[in-house]
Amino acid sequence: MTRTGEKRVITWNTIILRDAKNKFIGVISSGEDVTKRKRAEDELVASELRVRTLLQSIQDMVFVIDETNHFSDYYVQKEDDLYTPPSRFIGKGIPDALPEPLASELVKIVEDVRRTGESVTHDYDLVIAGGRKWFSAILSLHADGKSVVAVVRDITDQKKALEELEEAYKIITVSSVVAFLWKNDDKWSVEFVTENVHDLFGYSADEWISGTIRYASVIHPDDLPRVISEVSGFSEDALCESFIHEPYRIITKNNEIRWVSDSTVIRRDTRGNITHYQGVVTDITDERHALQKVQRERTVFKSIAKAAIHSEDATEMANLILNGFIGAMGLEIGTLRLYDRKKSVLRPTASVGIMNDLKDKDAPLKGPDSESYFVSYAAKVRKRIIVPNIDEHPEYHSFKNLAKMNLKSFIVIPLFNAKKELVGTFAAGSTEPYKVSFDDYEFYEAIEELLVTLLEREQTKQAYRMSLRRYRELLTNLSEGITIVDLDKKYVFVNKAFCNIIGYSEEELVGTDSRVNVHPDDLELISQETEARKMGMPSTYRLRLITKKGDVRITRVSAIPSRDDFGEIEGTVALVSDITDRVRAEEEVKTLNIELAKRVEDRTAELQAAVSELEAFAYTVSHDLRAPLRVIDGFSQAILEDYSETLDDVGRDFLRRIRVGVTNMSRLIEDILGFSRVTRIDMDRVDVNLSRLAGEVVSELRELDPQRTVNVDIQPDIIARCDKRLIRIVLHNLFENAWKFTSQTDDPQIRFGMKEQDETRTFYIQDNGIGFDKRDTERLFKPFHRLHRSDEFEGSGIGLATVTRIISKHGGEIWAEGKVGKGATFFFTLS
Amino acid sequence: MSTGKILLVEDDQNDIMLMERALEKVDLPLELIIARDGKEALEYLRNESNDGQEKLPSIIILDLNMPRMSWLEFLKILNQDSKLRRIPIVILSSSIETRDICESYDLGANSYIQKPVEFEKFVDVLRMLGLYWITLNISTERGITCDRQS
């Protein structure tokens, strides 16, 4: 309708243009007001009388062809429109006025019109004035029944527009955009469609135009009602000229489902009735899938996030995630299984929509049972298996469980970790076919990656739980007591050993205040220790605990702060050892030690007393025993001198014997004193030239016994660190012995020397005297033992005992080697 | 050669007799004065000192084992007496205990000799003592007057 309220008929040609990526870039539209033309046609047909009047008002040219096919008249508003002077055709026959083949065609049409009386429209082109012009002629029978009137219109502009349109259609044809011209009938039969319709719908343009296939029948039945309601909705609005459908699905000739977008222009006739719909239809399946994928992934991630946030339990989490996947994929059935390596089975962790008698069953990887599980098969072949329709895969019919669940389409993804080890399986499916598709491969890959991560974490968790269990077992069975106490001093954990110490069971202790079991005197200590623990300090302390029976147990506690995952101190872990017995034993030992010390003291005092007594004895020996001896000797001498005449030889001999006895006893006393003095004397170790000392000793012996000739060989400059006075006694005794026991040897030899071996220096005094029996070796060094009769060799038997004492006082050793008649060698060391 | 005086402090009659007999054998101009214990010896010495320095003995021979007054006490008293402290003292004892020896010297003894058991050796000891202390040694009793010394 125009602004003035006039109704006009307009032809609209609209093309939606898209680029190579099928993106909408614009619309080509051409419109033409055909109102006038229509009216003229109508009127021309209606009444001949009004022709002339009418002719003047129309833009078209009118030619009259007489019964002999000659141009007899014409009408034109402007002569210029003819492009040629009227003389060129008036009065001339058609073949003369027009070029072939147009002339023949026209003659044929004119004769047809004359014979049938029906109007015929004929379009043709002519080369006029160097340019090609297009014309449309409507040929009708004149009222006289012989002449034919041709109303001719210059449609060059129109034709050009159409050519352009066709060009555009050509472009459309090579694009994925399909242009349709639908009739407004109930099945939307197609009047025109671009050739590329075949690519999208599988049906050729001919199939459409011929009416073999109608548009409504290819729309997905689920979407058709919506599409219809959209069309009728927009069509009701008389002012609506075009609209865009919500994407809908079409089913191709190959039964594929495609998503399309559809932009439609409504074509109405002069009376406003809708005659046609013209539109462009684009395949948006890929976009749609991409969108769906995104939505699905969103659903999956949402479910994972939800699972991660809300579930503490792994099974619950697996269930949530599985549910998310299944939902996002538009499936109904699914299981997530974890591979139990030890038992070689796939154990369900989560399942959706699986009947109860199958739900919890392990799928074995080995044995005859494995044959009925498709997941086991997939795990064994290590392949992702996608089955859009099981009916196309008879080889899978042997899997009983698939049939049991009536699965038509399904996917099984065996899950492998980075080391290519099986961790589990994911299986999902539907009782309807084509619910899974190879197109979703990427999505499945993403799922696989996610699930592997999830299951690996689950396996790690299980391993962690197992090690935790092992730790717990270890702690529980440890022979030392273990307690874990929280900051409120409540028992969180106690082990068997601790229960044994305290006499309460684990159930009685866990959750109760640990201070209840602490000796009242140690409560202060406990609160100090708790503070120390809060500062993060470990410590070891002694704690008295009260057992269930009321006994006091002394324990040694090694406590360290226990921290949570964030490093915050949450309590105390303590190692508790019952040291009651040990402490008591220690106390006993202490008491015993004190007693022992006292005893030792007593004994020492006794010993000291004994030593003092010995000293007193030694004094007595040296003083009191010598005095009587002196008297005996002095007076026997006096008798010998004063009463010699009154005594006979025997008497005098007796007196002499008395005096020898006195001498011997006197020497014995000296030796005993010397022996006891050696023990008491304090050592003063200095470097002593033993060789020189030996020389002095030998000189003394020579002086005392000048008649004897003894060959003495002394190794020069033997230096030793020792007490000079004591070592002199040693040398004196040993040289004296050697001197004495060589008295009956023909060529007496005495040698003093030193041998050094392995840093040990051994001194020796060797003689070639009478020697001794090997069996007597030990007796040699004991006091008062004499190997020889006193009339053979003088001696008290104290000398070597004294020597032994001195040597051992120096930390050395003494020993002797000898053979009867072959001399003796005395060895000694000084540390 | 004037006669030397020897004060023997000895309680044992046997030893006194043996000493007298030994001195006879020594054959030196010696006068032997016997005191049976320390008190008696002090009494004698004090009496003698009253009569003049020259009356004091040239040497005191002291046995360590004495009744009534210990030899330690005797030596201390002697040491404190300005008139008697310069008389040479020879300890003649059967004991050769270190303690005895040291204490004797600490208390002013001039010599320490172990009494030999054999009579002949005893005679030798006395001879040497006489030779040294009476003949060689110059003591104060021969008219030498000393100033008081601490």
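Anything mentioned here points back to the structure above.
Description of the structure in this document. Just so it is clear, the model here is predicted, and its values are computed rather than measured.

### Regarding helix α13 (residues 374-381) of chain A
Because each turn of an α-helix spans 3.6 residues, side chains separated by three or four positions in sequence point in the same direction. Residues of α13 of chain A that are buried include every one of Phe374, Val375, Ser376, Ala378 and Ala379 of chain A, and no others. Arg382 of chain A sits one or two positions beyond α13 of chain A and adopts a positive phi of about 55 degrees.

### Let's talk about the interface of chain A and chain B
With 24 residues of chain A in contact, the opposing surface of chain B contributes 23 residues. Between chain A and chain B, a total of about 2100 Å² is buried, with carbon and sulfur atoms accounting for 49% of that surface. At the surface where chain A touches chain B, the tally comes to five salt bridges. The shortest N-O distance in the salt bridge between Asp642 of chain A and Arg21 of chain B comes to 2.7 Å. Between the two partners, chain A and chain B, sit six residue pairs in polar contact (both at pLDDT 80 or more). Those elements that provide at least two residues to the side of chain A that touches chain B are α19 (580-642) and α20 (649-680) of chain A. Ranked by the residues each element gives to the side of chain A that touches chain B, the list is headed by α19 of chain A, at 16 residues. Tallied by class, the residues present in the side of chain A that touches chain B amount to eight nonpolar, six polar and 10 charged.

### With respect to the nonpolar core
The nonpolar side chains of a soluble globular protein tend to be buried with one another. Residue and element names in this part refer to chain A. Core analysis: the biggest nonpolar cluster contains 40 residues, and Leu690, Leu731, Phe735, Phe752, Phe763 and Phe828 have the highest contact counts within it. Among the elements of the structure, α21 (690-704), β27 (719-723), α22 (724-741), β28 (749-757), β29 (760-767), α24 (799-809), β30 (814-818) and β31 (824-829) are those that each provide at least two residues to this core. Among the elements that make up this core, the one with the highest residue count is α22 (eight residues). Ignoring sequence-local partners within four residues, the contact set of Phe828 consists of Val730, Leu731, Leu734, Arg761, Thr762, Phe763, Ile807, Glu813 and Ile814.

### Overview of the sheet that holds strand β19 (residues 422-430) of chain A
The pairing of strands in a sheet comes from backbone hydrogen bonds and takes either a parallel or an antiparallel form. All names here are of chain A. Sheet architecture is open: six strands sit in the order β16-β15-β14-β19-β18-β17, paired in antiparallel fashion. Each edge of the sheet is formed by a strand with only one pairing partner; in this case those strands are β16 (363-364) and β17 (385-387). The pairing of strand β18 (residues 409-416) with β19 spans eight bridges and is antiparallel. Its bridge partner lying in β19, Ile411 is registered against Ala428.

### A look at the packing of aromatic side chains
Residue and element names in this part refer to chain A. Per the stated rule, a full pass over the model turns up 29 aromatic pairs over all chains. Between Trp182 and Tyr215, the ring centres sit 5.0 Å apart and the planes meet at 55 degrees, which makes this aromatic pair tilted. Placement of Trp182 in strand β8 (residues 177-183) and of Tyr215 in helix α8 (residues 215-218) is noted, with a sequence separation of 33 residues between them. A relative accessible area of 2% places Tyr215 in the buried class. Through a chain of ring-to-ring contacts, the aromatic side chains of Phe180, Trp182, Phe201, Tyr203, Trp208 and Tyr215 assemble into a single cluster. The aromatic ring of Tyr764 is capped on one face by Lys755, whose charged end is 5.9 Å from the ring centroid.

### A few points about the sheet that holds strand β4 (residues 89-93) of chain B
Residue and element names in this part refer to chain B. Spatially, the five strands line up as an open sheet ordered β2-β1-β3-β4-β5, and their pairing is parallel. Every interior strand has two partners, whereas the edge strands, β2 (30-35) and β5 (111-114), have only one. The mean inter-strand angle of the sheet, taken between neighbouring strand axes irrespective of direction, is 25 degrees. Here strand β1 (residues 4-9) pairs with β2 via six bridges, running parallel. Following the sheet pairing, Leu8 is matched in β2 by Ile34. Against the sheet, helix α3 (residues 71-80) touches β1, β3 (59-62) and β4, its axis set at about 160 degrees to β3.

### Quick word on the packing of helix α1 (residues 13-26) of chain B against helix α5 (residues 119-136) of chain B
Residues and elements named next belong to chain B. Their axes nearest at 9 Å, the elements α1 and α5 cross at an angle of 65 degrees. In terms of crossing hand, the pair formed by α1 and α5 is right-handed. Contacts between α1 and α5 involve Leu18, Met19, Arg21, Ala22, Leu23, Lys25 and Val26 on the former and, on the latter, Phe119, Phe122, Val123, Leu126 and Arg127.

Basis of the calculations
Residues numbered from 1 in each chain as written. Chains lettered and ligands numbered in written order. Predicted model: local features only at pLDDT ≥ 70, side-chain atom pairs only at ≥ 80, totals over all residues. Heavy atoms only, no water. Buried < 20%, exposed > 50% of the residue type's maximum accessible area, 1.4 Å probe, protein only. Helix = DSSP H or I, 4+ residues; strand = E, 2+ residues; numbered from the N terminus. Contact = heavy atoms within 4.5 Å. Buried area = accessible area lost by both parts, 1.4 Å probe. Salt bridge = Lys/Arg side-chain N within 4 Å of Asp/Glu carboxyl O. Polar contact = N/O pair within 3.5 Å; in protein donor to acceptor, adjacent residues only side chain to side chain. Nonpolar A, V, L, I, M, F, W, Y, C, P; charged D, E, K, R; others polar. Core = buried A, V, L, I, M, F, W, Y, C linked by side-chain atoms within 4.5 Å. Pairing = 2+ DSSP bridges. Phe/Tyr/Trp six-rings, centres within 6.5 Å; stacked < 30°, edge-to-face > 60°. Lys NZ or Arg CZ within 6 Å of the ring centre and 35° of its normal. Axes fitted to C-alpha atoms, helices over the stretch in contact; angles between N-to-C directions. Left-handed = near helix turned anticlockwise from the far one by under 90°.

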